Amino acid sequence: MPNMDGKQLVEYVRNELNNAFIPIIMVTSDDDAARLGEVKAAGVTAICDKPFEPEAIRQLLVRVFDAD
């Protein structure tokens, strides 16, 4: 993303738009545990590692939308 990273996007949706309800699924190749922890703390709903198989996304979506 040209103007913000994933963490900033999550913070914008959660804080600036005041939206705690919309699920946010991040797809990333980042393996920095501290960085991913910051993203989770910002309010991301789920994180999917790249590369991924379609089945992994399907299972993730089921888990996210069945959580309600």
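In this report, the structure presented in the accompanying data block is examined. (Residues numbered from 1 in each chain as written. Predicted model: local features only at pLDDT ≥ 70, side-chain atom pairs only at ≥ 80, totals over all residues. Heavy atoms only, no water.)

## Structural notes on the pattern of salt bridges
Two side chains carrying opposite charge are able to pair once their charged atoms lie near each other. Following the criterion strictly, the structure yields 4 salt bridges and no others. With a closest N to O distance of 2.4 Å, Asp 5 and Arg 35 form a salt bridge. Of the two residues, Asp 5 is situated in the segment before α1 (6-16) and Arg 35 in helix α2 (residues 33-42); the sequence distance between them amounts to 30 residues. For Arg 35, a relative accessible area of 24% corresponds to the partly exposed category. We note a salt bridge from Lys 7 to Glu 11, for which the minimum N-O separation is 3.0 Å. Of this pair, Lys 7 and Glu 11 both sit in helix α1, separated by 4 residues, roughly a single helical turn. Glu 11 sits in the partly exposed class, given a relative accessible area of 27%. Through salt bridges with shared partners, a single network forms among Asp 5, Arg 35 and Glu 38. (Salt bridge = Lys/Arg side-chain N within 4 Å of Asp/Glu carboxyl O. Helix = DSSP H or I, 4+ residues; strand = E, 2+ residues; numbered from the N terminus. Buried < 20%, exposed > 50% of the residue type's maximum accessible area, 1.4 Å probe, protein only.)

## Re the side chain of Arg 14
With respect to the helices and strands, Arg 14 occurs in helix α1. Contacts of Arg 14, omitting those with residues within four sequence positions, involve Asn 19, Ala 20, Phe 21, Ile 22, Ile 24, Ala 42, Gly 43 and Thr 45. (Contact = heavy atoms within 4.5 Å.)

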